[in-house]
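Secondary and tertiary structure notes
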Amino acid sequence: MTTPRAVIFGCAGPDLTADERAFFREADPLGFILFARNVDTPERTHRLVEELRSSVARAEAPVLVDQEGGRVARLQPPHWRRAPPARLLGELYARNPEHGLEAAGLNARLLAADLLSIGADVDCLPVLDLGLPETHTAIGDRAFADRPEPVAALGRAAAEGLMAEGVMAVMKHMPGHGRATVDSHHGLPRVDASRELLERTDFLPFRLLSDLPWGMTSHLLFEAVDPAAPVTVSGRAIADIIRGHIGFDGLLLSDDLSMQALGGSLGERAARALAAGCDIALHCNGDRTEMTDIVARTGPMTAAAVRRFDDGRKTLARHRAPLGRAELAQARRRLVALLPEWG
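Nothing here was measured: the structure is a model prediction, and the numbers come from that model.

1. A closer look at the sheet that holds strand β12 (residues 281-283)
Sheet strands pair via backbone hydrogen bonds, and the direction of the pair is either parallel or antiparallel. Here we have eight strands laid out as an open sheet, ordered β11-β9-β7-β6-β3-β2-β1-β12, and parallel in their pairing. Sheet topology places β11 (251-253) and β12 at the edges, where each strand pairs with a single neighbour. Sheet topology places strand β2 (residues 29-34) next to strand β3 (residues 63-65); three bridges connect them, and they run parallel. Bridge assignment links phenylalanine 32 to a residue of β3, and that residue is valine 63. Sheet contacts for helix α10 (residues 288-297): β1 (5-9) and β12; angle to β1, the most-contacted strand, approximately 165 degrees.

This is the structure in structure tokens:
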């Protein structure tokens, strides 16, 4: 069996075209990511997931969704639950830590159940960025809190809830997006905080959760770490901070390469991210021209990336303890009781 290409791709719409199927069969990406444009009814979306996996002839190919809750949710009512934003869970934790952790875990189990209803098995959650006064609204209420300790505690509860149901957690955006005052979808954020401050604050939640199996980089430039390159394409930032100081040895995904924080062609961005130390280059928008460029500049996963992917599967299997249908219904009722303001 050949080693998959070190990329994850999106597709254009809610149905896989014959052209896309042929392209993915040839490109052989590790897996896929779904966005709102790909989501219709549960049945149609499940069929898309099956066809994506069939295109690469790997039933275990991971399928990712950004299903955080709040305004970042690809699976929406009426077919799926409206989940609360992270900030609401953080506010509950501030009033009652025990209830906050319980709610974060229950909410994550319910998010996982929604993903599993379409056959997806990876949620790009938890967000471990700090919500600071200067934090750009691109993060905003996606952050649990403004201090690292509650962020780490709630992030741990969310990750364990996802994995208990059989869905892989992806902590993001390493090593911390909270000090960004620019939206990295549109430009490159630069952070001039000292390394000592960053280690005490922004980096700390990731260090406390460094045992999680998957993580995602941030398109952020830290002057104190590498004044020449954003984290995703900085060998210094990945080796020194993510792999070194934080101690993360899991599968490292880039954030979406089509975001405008990064310069150069999409193929150049992917090649730079992989050369810097990302295990997987993530491209989300389904644009064929961009994906073709990425395929031309990338190759199979490295042996280290394959090992990290396999280790993640083993970790997920160890954590798996899914609730039954009746227990999930009870979890939903309990979450509503804990967060009556969300309902």
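That was the structure; now back to the text.
2. A short note on the packing of aromatic side chains
Here the structure, examined in full by the defined rule, presents six aromatic pairs. Relative to phenylalanine 309, the ring of tryptophan 214 lies with its centre 6.1 Å away and its plane at 45 degrees, an arrangement referred to as tilted. One end of the pair, tryptophan 214, is in strand β9 (residues 214-217); the other, phenylalanine 309, is in helix α11 (residues 303-319), and 95 residues separate them in sequence. We classify tryptophan 214 as buried; its relative accessible area is 2%. Aromatic ring contacts, followed pair by pair, group Phe9, Phe23, Phe24 and Phe32 into a single cluster.

3. Considering the packing of helix α1 (residues 18-27) against helix α2 (residues 42-55)
Packing of α1 against α2 brings their axes to within 8 Å, and their N-to-C directions diverge by 45 degrees. The orientation of α1 with respect to α2, classified from their angle, is oblique. Between α1 and α2, the contacting residues are Arg21, Phe24 and Arg25 on the first element and Glu51, Leu52 and Ser55 on the second. Within the contact of α1 with α2, the residues separate by chemical class into two nonpolar, one polar and three charged.

4. What about the packing of helix α3 (residues 86-95) against helix α4 (residues 97-116)?
Two quantities define a packed helix pair, namely the angle between the axes and the distance from one axis to the other. Following both chains from N to C, one finds α3 and α4 inclined at 150 degrees, their axes separated by 5 Å at the closest point. Classified by the angle their axes make, α3 and α4 are roughly antiparallel. When α3 is examined against α4, the residues Leu89, Leu92, Tyr93 and Arg95 are found in contact with a partner set consisting of Pro97, His99, Gly100, Leu101, Ala103, Ala104 and Asn107. Considering only residue class, the contact of α3 with α4 consists of seven nonpolar, three polar and one charged.

5. Observations concerning α10
Listing the buried residues of α10 in full gives Met291, Ile294 and Val295. Down the axis of α10, the buried side of the element spans an arc of 100 degrees, and every buried residue falls inside it. In this structure, α10 carries Thr289 and Ala296 as exposed residues pointing more than 90 degrees from its buried face. On its buried face, α10 sits against β1, α1, α9 (266-276) and β12. One side-chain oxygen of the residue at the start of α10 lies 3.0 Å from the amide nitrogen of threonine 289, identifying that residue as aspartate 287.

Parameters and conventions
- Residues numbered from 1 in each chain as written.
- Predicted model: local features only at pLDDT ≥ 70, side-chain atom pairs only at ≥ 80, totals over all residues.
- Heavy atoms only, no water.
- Pairing = 2+ DSSP bridges.
- Helix = DSSP H or I, 4+ residues; strand = E, 2+ residues; numbered from the N terminus.
- Contact = heavy atoms within 4.5 Å.
- Axes fitted to C-alpha atoms, helices over the stretch in contact; angles between N-to-C directions.
- Phe/Tyr/Trp six-rings, centres within 6.5 Å; stacked < 30°, edge-to-face > 60°.
- Buried < 20%, exposed > 50% of the residue type's maximum accessible area, 1.4 Å probe, protein only.
- Parallel < 35°, antiparallel > 145°, perpendicular 65-115°, else oblique.
- Nonpolar A, V, L, I, M, F, W, Y, C, P; charged D, E, K, R; others polar.
- Arc of directions from axis to C-beta.
- Polar contact = N/O pair within 3.5 Å; in protein donor to acceptor, adjacent residues only side chain to side chain.

All we've got here are geometric facts, nothing functional implied.
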